[in-house]
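Coordinate analysis (summary)
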Amino acid sequence: DYVAGKRPSNVINLHNLGLSYASMGQYEKAHQYLRQALEVDPDSIQVWRAEGIVYLWEGKLEDAAACFQKGLEINPAHPMLRNDLREVRRRMEQQ
């Protein structure tokens, strides 16, 4: 919280805090910071991908797919987002 408090508009700090909380299983807190990062920079592919990955970790496949798709709307050629979306769709088909 200290890092975000010192520089709340720093997308990288907010992104990193979000992933840190996600790695500890604190998904709501993770989404909180990632959403703040998207408020600062709604075109951040890195943050859209991180948000999707957190949803994926939670098993929220539709939300993950929506985040990956949003990132692909910004950059349709992004290879990691394309792979992420393909993986989510594969998992959705298996359900």
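So, here is what we can say about the structure in this document. All values reported here derive from a predicted model rather than from experimental measurement.

With respect to the overall build of the chain
Within the chain, the secondary structure is distributed over 6 helices and 0 strands. A compact globule built from 95 residues should have a C-alpha radius of gyration of about 12 Å, and the chain, at 13 Å, falls within 12% of that. When contacts within the chain are restricted to residue pairs at least 6 apart in sequence, those whose partners lie at least 24 apart make up 41%. Carbon and sulfur atoms make up 49% of the accessible area of the chain, which amounts to about 5,600 Å² in all. Side chains of the chain carry 12 positive and 13 negative charges; the gap between the two charge centres is 4 Å.

A short note on the packing of aromatic side chains
Counted under the stated rule, the structure contains 1 aromatic pair. Ring plane angle 5° and centroid distance 5.6 Å describe the contact between Tyr21 and Tyr33, whose orientation is recorded as stacked. Taken together, the positions of Tyr21 in helix α2 (residues 11–23) and Tyr33 in helix α3 (residues 27–40) put the pair 12 residues apart, joining distant regions of the chain. Across the pair, Tyr33 and Tyr21 agree in class, each one buried.

Section: the nonpolar core
Counting 27 residues, the largest nonpolar core has Val47, Ala64, Phe68 and Val88 as the members making the most contacts within it. Among the secondary structure elements, those contributing two or more residues to this core are α2, α3, α4 (45–58), α5 (61–74) and α6 (79–94). Per element, the largest residue contribution to this core is 8 residues, and it comes from α4. Beyond its immediate chain neighbours, meaning those up to four positions away, Val88 contacts Leu56, Leu61, Ala64, Ala65 and Phe68.

Cut-offs and rules
- Along each chain, residues carry numbers from 1 onward, in the same order as the chain's sequence is written.
- Since the coordinates come from a predicted model, pLDDT governs what is reported: local features require at least 70, and pairs of side-chain atoms require 80 or more to be given and counted, while whole-chain, interface and lining totals use all residues.
- The basis for the side-chain values is all heavy atoms of the structure; hydrogens and waters are excluded.
- Numbering of helices and strands starts at the N terminus; helices are DSSP runs of H or I of at least 4 residues and strands are runs of E of at least 2.
- Only C-alpha atoms enter the radius of gyration; for comparison, a globular chain is expected to reach 2.2 Å times N to the power 0.38, where N is the number of residues.
- The contact definition used throughout considers only heavy atoms, calling two residues in contact when any of these lie within 4.5 Å.
- Using the Shrake-Rupley algorithm and a 1.4 Å probe, accessible areas are obtained, with residue cover drawn only from the displayed protein chains.
- Charge convention: Lys and Arg are scored as positive, Asp and Glu as negative, and His as well as the terminal groups of each chain are ignored.
- To locate a charge, the coordinates of NZ of Lys, CZ of Arg, CG of Asp or CD of Glu are taken.
- In summary, the pairing rule links any two rings of Phe, Tyr or Trp, Trp by its six-membered ring, whose centres are within 6.5 Å, and it sorts them by plane angle into stacked for under 30 degrees, edge-to-face for over 60 and tilted for everything else.
- Here the term buried applies to any residue with accessible area under 20% of the maximum for its type, exposed to any over 50%, and partly exposed to those in between, with areas from a 1.4 Å probe on protein chains only.
- To qualify as a nonpolar core, a set must consist of buried Ala, Val, Leu, Ile, Met, Phe, Trp, Tyr and Cys residues joined through side-chain atoms within 4.5 Å.

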